[in-house]
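An overview of the molecular structure
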Amino acid sequence: MTEKLLSPLRTRPWPERWLTRALGAAVASAAYLVCGPLTGASAAGALVLLLILLPLAAYVGHRDDLAWPLLQVALPPAAFMYDSVPAAYANWPDDTVRPLQWAFATLVIATAVLVAATVGRRLRPRAEDSTDGLLTAPRP
């Protein structure tokens, strides 16, 4: 069972591949909706969101190519945040601050997701060559 859950997605059938990717995006979306800024929790919500998104990014990075964690894990919170930033800061007098806050938060989330996905990729088992490290004479 763990072989199926940890094997690279490129070796799996396409319905399983896309269902896994959709489930990852749904988990990231649900995590932001539960822990997002509109729920009233600021530091605790951000920490819980971090504790959900980073292992998810590492798992997706372990199973899939490096661009997919950005699309599955970083994009849904960024899209929800883009929609919720004007509502959260509607009473601020300066309208130029809102896009900058969204861009900075998106950059931080994307960077953290890429780092976690890279760590997940490093944990992949390597197919080692049986003659790796052996000195052999060249064949004539």
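Up top is the structure these notes are about.
Residues numbered from 1 in each chain as written. Predicted model: local features only at pLDDT ≥ 70, side-chain atom pairs only at ≥ 80, totals over all residues. Heavy atoms only, no water.

1. Brief notes about a nonpolar patch on the surface
Where nonpolar side chains cluster on the molecular surface, the patch consists of Leu-23, Val-27, Val-48 and Ile-52 and spans about 300 Å² of accessible area. Those elements that provide at least two residues to the nonpolar patch are α2 (14–35) and α3 (43–63). On the secondary structure map, Val-27 appears in helix α2. Among the residues examined, Val-27 registers a relative accessible area of 35% and is labelled partly exposed. (Patch = residues over 30% accessible without salt bridge, like charges linked within 9 Å, V, L, I, M, F, W, Y side chains within 5 Å. Areas by Shrake-Rupley, 256 points an atom, 1.4 Å probe, with all protein chains shown as cover. Salt bridge = Lys/Arg side-chain N within 4 Å of Asp/Glu carboxyl O. Helix = DSSP H or I, 4+ residues; strand = E, 2+ residues; numbered from the N terminus. Buried < 20%, exposed > 50% of the residue type's maximum accessible area, 1.4 Å probe, protein only.)

2. Considerations on the side chain of Arg-21
Note that Arg-21 resides in helix α2. With sequence-adjacent residues up to four places away left out, Arg-21 is seen in contact with Leu-9, Asp-64, Trp-68 and Gln-72. (Contact = heavy atoms within 4.5 Å.)

3. Some points on the nonpolar core
Of all hydrophobic cores here, the largest spans 15 residues; its most connected members are Leu-49, Leu-53, Leu-56, Ala-57, Val-73, Ile-109 and Val-113. For this core, the elements supplying multiple residues, two or more each, are α2, α3, α4 (67–88) and α5 (97–122). Top element by residues in this core is α3. It accounts for five residues. If we ignore the near neighbours within four places in the chain, the residues touching Ile-109 are Ala-74, Pro-77 and Met-81. (Core = buried A, V, L, I, M, F, W, Y, C linked by side-chain atoms within 4.5 Å.)

4. Brief notes about α2
Helix length check: α2 (22 residues) gives 32 Å between terminal C-alpha atoms against 32 Å at 1.5 Å per residue, within 8%. Inspection of α2 places Glu-16, Arg-21, Gly-24, Ala-28, Ser-29, Ala-31, Tyr-32 and Cys-35 among the buried residues, and these make up the whole buried set. (Expected span 1.5 Å × (residues − 1).)

5. Here's the deal with the pattern of salt bridges
Using the criterion set out here, one finds two salt bridges in the structure. In this structure, Glu-16 engages Arg-12 in a salt bridge whose closest nitrogen and oxygen atoms are separated by 3.1 Å. Overall, the relative accessible area of 22% leaves Arg-12 in the partly exposed class. Between Asp-64 and Arg-21 there is a salt bridge, with its nearest N and O atoms 2.7 Å apart. Of the two residues, Asp-64 is situated in the loop between α3 and α4 and Arg-21 in helix α2; the sequence distance between them amounts to 43 residues. A relative accessible area of 4% means that Asp-64 is categorised as buried.

By themselves, these are just geometric observations and shouldn't be taken as functional.
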